[in-house]
Amino acid sequence: MADNEVKQLISHLDTLKPSTLTQAPQLLSRAKLALLKLHALVPGAQTSPQHLLLAATVLEYGALISIRLKDTDAFTRYYQQLQPFYSLPAERWNSRVGKPSNQSKVTGLYLLLLLSVGDYAGFHTVLEGLEMSAGKEQMEKDQFIQYPVRLEQALMEGSYDKVWGETKGERVPSEEFGVFSEVLITTIRSEIASCSERAYPSLPISNAKNLLFLDSEGAVVQFAQSRGWVAKDGRIYFPQQEEEMLAAEKDVMSSSGMVIENTLGYARKLETIV
Amino acid sequence: MADKMDVDAVNGEKEEETVGPAPDLPAERIITNNFNLINQAVDAFDARFTLRALRNISTIRKAPNFPEAIAIGIRTAFPKPQNNARRVLETMLPEQYKNVQNGEAAGGEGVKDPDVVEIAEVWAYLGVLVQVYLYDTQQYKKGAQFSENFVEKVRSFNRRTMDSIGAKAYFYYALFHENLDPKPPSKQSPVIDIRPKLLSALRSAVLRKDAETQSAVTVLLLRNYISTADITQADLLVAQTQFPSSAANNQVCRYLYYIGRIRAIQLAYTQAHSHLESATRKSPTTGPAAGFYQQATKLLIVVELLMGDIPERSLFRQPALEAALYPYFKLVQAVRVGDLQAFLKCVSANEPQFRKDGTYTLTLRLRQNVIKTGVRMLSLSYSRISLHDICTRLGVDSEESAEYITAKAIRDGVIEASLDHQQGHLVTTAPRDAYSTTEPSEAFHARITALLGMRDECVMAMRYPMNKHRQEIAEAAKARERERELAKEIVEGEGDEEGEEQFEGM
C-alpha cells in the first residue's frame, strides 16, 4: 500500500551515498505522491500519528538532500512545507511512534541560509518565533540553533576571526552546515576588504594574507586587483578619494541653493501663522 | 421600583446633560440615563453622545451592584419579559437577578417593542455591559461564546449609529479569546481561530466606511498576530490596509505602538523610533492608561539604544515611569559607558522582566551597540592606543577580534581613525569642524519642518460648532455698519465745525 511504499522509499533515501545523490529528487517526488494518496502531505485533523511521522520524515530528508545538492529554492520550499508539522501541538505526536528528529537541524539550516544571503530581518523574525514557541532553555541547549545565533552575533560585532573559527572543521555541527561555510567565508572576506579600505592607509601583503584568510600572496594580489587596489613594493595601497568626495558634499558653498530654498519655505509658513 | 426608574429616567435626561459626570449616582441610574443619551445620538446622528455613554463604563463596572444594575437596565429597556433580545442578555447574568420566565418562545427573531428603531443601540449597549461584567468575573468561556453571537448580530445590523458600540464589542470579543487556554504564544491558541472573523469584520467595516470599527479591528488583528509571533503576517496586514485617519486617538496610539514593534523586530529602527515616539506623545500619561505609556516608553528606549542614541535622563525621572523603567535605566547606563560586563550582568539579572515586556530579544541585539560605544569612547579619549589595550578594555576575546571590530567600526562611520597594522595601534584623526558643513542647517531644517507639520495638524484638528460662522458673518456685517455710521458722523462733524473745535472722536 501507499504506506509501505513510503517506508520503502525512506529506507532507500537513508542508504543513499553521496555519489548517488542525484537520484534523490526522483525518489522524493515518488514519496510525495504516495503521501498525497495518504492525505498526509498537509497535516489535517484526522491524520494519524504514523502518517504524520512518515510525512515529516520524507520532507526532512528532502530538505537535507536539497542542501547537499545546493538547491536553496527547493530547501526553502521544503522548509515552508514542514512548518505546519512543526507547529502541531505535542499531543498529536504519539509517544510510541516518535517525533521528527531533525526539526532543530532543519530550522538551524534555514537560519544559516538567511544569514548567508544577508536577510537579517528574516533571520530575526524566525528567531522571535522560535523563542516564543520553544523557550530559552531549550534553545540554549540546542546546538543546531546556537550555531547560526553565534555566527550572527560575531558577524554583527565584526569579530570575523570568530566567524572563521566557527566555520572550520570541528565547530560545525554537521556536514550540511559545512555547505554554507564557503558562502560565509566569501561574505566575510568582502566585508573585511571594505573595512580595511577605510581603516588602513596601506598594508604589507603578508599581513593582508592573514587578515583576509587567503592562502597565498598570489591570491592576495589577485583579490586586490579585483577590488581595485594598487599593489606595489609588497604593500597594498587603498584608494582614498571617497573621503574627499564626502567632504565636498558637505561644503556649505555648494549647497547654498538648498539653504535659499529652505529659508523661503520658512518665510512662507511664518506668514500664514502670524 | 421599575416604574420609579422610568419616571426618573425621563426627568433625569436634562440633568445628565448640564451637570456632567456625577460619580455618586447609583449604577442603575447611570445606565438608564445613558439610554437617553443613546437615543439622542440616534436622533441627532451625532456620535459624541454615544461616546459619552460609553465613557462611564469604567466607573460603573466598579460598582458593587453592577450585575443588578445591568438587570434593572435590561428590564427598563425591554419591559416585555418574553422579548428575545432581553432573554439573550439575561442568560448571561447570574441566577438571582433573572426573572425566570417559562416564556412563550417567540418565533424567529422575536417580538420587539414598537419603537424598535432606537432600542437596537440600547440593546447593543447593554450587551457590551454584559461583556464587561463577564470579563470582570473571569467567565472567559461563557464570555467568548456570548461575544461570538453578539458580534455577529451587531455586524448584521449595519447601522452607523451603532459603530462605536460595535467597536467595543469586538474589543471584548478578542479579549475573551486571548484569555482562553492554551494562551498565546502557543500556536494552538484560540486567537488564531478568531482571525477569519476579524478579517471579515475589517472588510465590512471598510465597505461601510465605518472608521471606528475599522481602526479597532485593525488594532486587534495586529495584536493577535504579534502575540503568536506571526510578524510576517502582521507586516502584510499593515502593507495591504490603510488605517483610517479619522480614528480615535486611543486607537491611533495602539496602532503606532504595534507598528513600532513590528519594525523594531525587522531591524528598521529609524521607522520604529518615529512611530513609537508619536505613540508616546499622543498617549495619555495618567490614570489607567499609564500602563500603555510605560510599555511604549520601554520599547522606545530599547529602540533608541539600538539606533545608537542614548535616551535622555529626564525621561527616567517622570513620576509615572520611575519605578517601571528602573531595569532599563541600568541597561542604559551599561550601554552608555560601553561596559560589556556590566551589560551582560544587567541583562541576565533582569531577564524575566525583559521577557515579560517582550523586549528580551531586542535587548540581546544591544551587544554590538555596547561594543561600538566602547570603541567610540576609546577613540575619543586616546589619540593612539594599542590593540592589546583595546582588547582588554572592551572585554573581547582576542587581539584579532579587536582589530576586526575596530576596522568595522571605522567603516561604519562610528569613529574617525586609522589602524596601523604593523605596530598594532589605533590612531585617531582630528575631528572635523561640524559647523563648517551643512550638518547644523540640515538638523534645524528637520526640526522646523516637524514643528510646522505639527502646527498644521493642530489647526486642522480644531473644531468649531457648525453654525458659528454664520453668526460671525452677521456680526462682521453689523460691525461694518457701525463703522460706516461712525465714519459718516465724523465726516459730518468735521464738515460742520471746522478748525478750532475739539475733535470729538469716537
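Residues numbered from 1 in each chain as written. Chains lettered and ligands numbered in written order. Predicted model: local features only at pLDDT ≥ 70, side-chain atom pairs only at ≥ 80, totals over all residues. Heavy atoms only, no water.

> With reference to specific residues and values, describe the overall build of chain B.
Across its full length, chain B holds 25 helices and three strands. Out of the 506 residues in chain B, the part that is buried amounts to 43%. For chain B, the accessible area works out to roughly 27,200 Å², and carbon and sulfur atoms hold 53% of it. (Helix = DSSP H or I, 4+ residues; strand = E, 2+ residues; numbered from the N terminus. Buried < 20%, exposed > 50% of the residue type's maximum accessible area, 1.4 Å probe, protein only. Areas by Shrake-Rupley, 256 points an atom, 1.4 Å probe, with all protein chains shown as cover.)

> Break down the environment of alanine 477 of chain B for me, with residues and values.
Residue and element names in this part refer to chain B. With respect to the secondary-structure elements, alanine 477 resides in helix H25 (residues 468–496). By relative accessible area, alanine 477 is classed as partly exposed at 33%. The sequence separation of alanine 477 and aspartate 181 amounts to 296 residues, and the corresponding C-alpha distance is 69 Å.

> Quick one: what's the story with a nonpolar patch on the surface, residue by residue and with numbers?
Taken together, Leu270, Ile273 and Val274 of chain A make up a surface patch of nonpolar side chains, about 320 Å² in accessible area. Positionally, isoleucine 273 of chain A belongs in helix H14 (residues 256–273). (Patch = residues over 30% accessible without salt bridge, like charges linked within 9 Å, V, L, I, M, F, W, Y side chains within 5 Å. Salt bridge = Lys/Arg side-chain N within 4 Å of Asp/Glu carboxyl O.)

> Tell me what's going on with the packing of aromatic side chains, and back it up with residues and numbers.
Per the counting criterion, the structure on display carries 15 aromatic pairs over all chains. Residues tyrosine 160 of chain A and tyrosine 404 of chain B carry aromatic rings whose centres are separated by 5.9 Å and whose planes lie at 75° to one another, so their mutual orientation is edge-to-face. Of this pair, tyrosine 160 of chain A sits in helix H9 (residues 160–167) while tyrosine 404 of chain B sits in helix H23 (residues 399–411), placing the two residues on different chains. Given the relative accessible area of 1%, tyrosine 160 of chain A is considered buried. An aromatic cluster is built from Tyr135, Tyr140, Phe171, Tyr172 and Phe176 of chain B, whose rings are joined through pairwise contacts. The aromatic ring of tryptophan 123 of chain B is capped on one face by lysine 153 of chain B, whose charged end is 5.1 Å from the ring centroid. (Phe/Tyr/Trp six-rings, centres within 6.5 Å; stacked < 30°, edge-to-face > 60°. Lys NZ or Arg CZ within 6 Å of the ring centre and 35° of its normal.)

> Let's hear about the nonpolar core: which residues, and what values?
Formed by 197 residues in total, the largest nonpolar core has its most connected members in Tyr125, Leu126, Leu129 and Phe343 of chain B. With 13 residues, helix H7 (residues 116–136) of chain B is the single largest residue contributor to this core. Formed jointly, this core draws a minimum of three residues from each of two domains, domain 1 (1–101) and domain 2 (102–199) of chain A. Apart from the residues within four sequence positions on either side, leucine 129 of chain B is in contact with Ile31, Ile57, Ile60, Phe66 and Ile70 of chain B. (Core = buried A, V, L, I, M, F, W, Y, C linked by side-chain atoms within 4.5 Å. Domains from an automatic or database assignment. Contact = heavy atoms within 4.5 Å.)

> I'd like a description of the sheet that holds strand E3 (residues 425–428) of chain B, backed by residues and values.
Residues and elements named next belong to chain B. The strand order across the open sheet formed by three strands is E1-E3-E2, and the pairing between neighbours is antiparallel. What marks the edges here is a single partner per strand, and that holds for strand E1 (384–386) and strand E2 (417–420). Across the sheet, the mean angle separating the axes of adjacent strands is 20° when strand polarity is ignored. Examined bridge by bridge, E1 and E3 share three bridges and lie antiparallel to one another. Pairing of arginine 384 across the sheet is with valine 427, part of E3. (Pairing = 2+ DSSP bridges. Axes fitted to C-alpha atoms, helices over the stretch in contact; angles between N-to-C directions.)

> Could you give me a rundown of the interface of chain B and chain A, with the residues and numbers involved?
Taken together, the contacts link 45 residues of chain B with 45 residues of chain A. Interface area, chain B with chain A, both sides summed: about 4,200 Å², of which 59% is carbon and sulfur. When the buried surface of chain B facing chain A is broken down by residue, Tyr404, Lys408 and Arg411 of chain B rank first, second and third, together holding 17% of it. Remark: the boundary between chain B and chain A carries two salt bridges. Lysine 269 of chain A serves as the salt-bridge partner of aspartate 456 of chain B, at 3.8 Å between the closest nitrogen and oxygen. Applying the counting criterion to the chain B and chain A interface returns nine residue pairs in polar contact (both at pLDDT 80 or more). Listing elements by their share of the side of chain B that touches chain A, those giving two or more residues are helix H11 (211–227), helix H12 (231–240), helix H19 (351–357), helix H20 (360–364), helix H21 (367–381), H23, E2 and helix H24 (439–461) of chain B. Looking at which element gives the most residues to the side of chain B that touches chain A, the answer is H23 of chain B, with nine residues. When the residues that make up the side of chain B that touches chain A are grouped by side-chain class, the tally is 17 nonpolar, 15 polar and 13 charged. (Buried area = accessible area lost by both parts, 1.4 Å probe. Polar contact = N/O pair within 3.5 Å; in protein donor to acceptor, adjacent residues only side chain to side chain. Nonpolar A, V, L, I, M, F, W, Y, C, P; charged D, E, K, R; others polar.)

> Tell me about unusual backbone geometry, and please be specific about residues and values.
Excluding glycine, a negative phi dihedral is what most residues carry, and trans is how most peptide bonds are arranged. All names here are of chain B. Notably, lysine 209 is not glycine yet its phi reads approximately 55°, a positive angle. Residue classification places lysine 209 among the exposed positions, given a relative accessible area of 72%. Located in the positive-phi region is leucine 267, a residue other than glycine, with phi close to 70°. You can call leucine 267 partly exposed: its relative accessible area is 27%.

> Could you give me a rundown of the packing of H14 of chain A against H24 of chain B, with the residues and numbers involved?
At a minimum axis distance of 12 Å, the contact between H14 of chain A and H24 of chain B shows a crossing angle of 25°. When the axis of H14 of chain A is compared with that of H24 of chain B, the two are roughly parallel. Between H14 of chain A and H24 of chain B lies a crossing whose hand is left-handed. Here Asn262, Tyr266, Lys269, Thr272 and Ile273 of chain A of H14 of chain A come into contact with H24 of chain B, specifically with Phe444, His445, Ile448, Leu452, Arg455 and Asp456 of chain B. (Parallel < 35°, antiparallel > 145°, perpendicular 65-115°, else oblique. Left-handed = near helix turned anticlockwise from the far one by under 90°.)

> Hey, could you go over the pattern of salt bridges for me, with residue numbers and the actual values?
All names here are of chain B. Going through the model one piece at a time under the given rule, you end up with 12 salt bridges over all chains. Residue glutamate 152 is joined to arginine 155 by a salt bridge in which the shortest nitrogen-to-oxygen separation is 3.8 Å. Of this pair, glutamate 152 and arginine 155 both sit in helix H8 (residues 140–157), separated by three residues, roughly a single helical turn. Residue classification places arginine 155 among the partly exposed positions, given a relative accessible area of 24%.

> Kindly report on the environment of isoleucine 145 of chain A, identifying the contributing residues and their values.
Relative to the helices and strands, isoleucine 145 of chain A resides in helix H8 (residues 143–157). Between the C-alpha atoms of isoleucine 145 of chain A and glutamine 80 of chain A, which are 65 residues apart in sequence, the distance is 18 Å.

> Break down the domain arrangement of chain A for me, with residues and values.
Interface size is often expressed as the accessible area that is lost when the parts come together. Residues and elements named next belong to chain A. For chain A, the assigned domains read domain 1 (1–101) and domain 2 (102–199). Counting residues at the interface gives 15 residues for domain 1 and 13 residues for domain 2. Taken together, the two surfaces of domain 1 and domain 2 that pack against each other cover about 1,400 Å², and 67% of this comes from carbon and sulfur. Looking at the side of domain 1 facing domain 2, the largest losses of area belong to Leu64, Ile67 and Tyr79, adding up to 38% of the total buried there. Seen at the junction of domain 1 and domain 2, the total is zero salt bridges. Elements that contribute at least two residues to the side of domain 1 that touches domain 2 include exactly helix H3 (49–68) and helix H4 (72–86). Tallying contributions element by element places H4 first for the side of domain 1 that touches domain 2, with seven residues. For the side of domain 1 that touches domain 2, the residue count by class is eight nonpolar, four polar and three charged.

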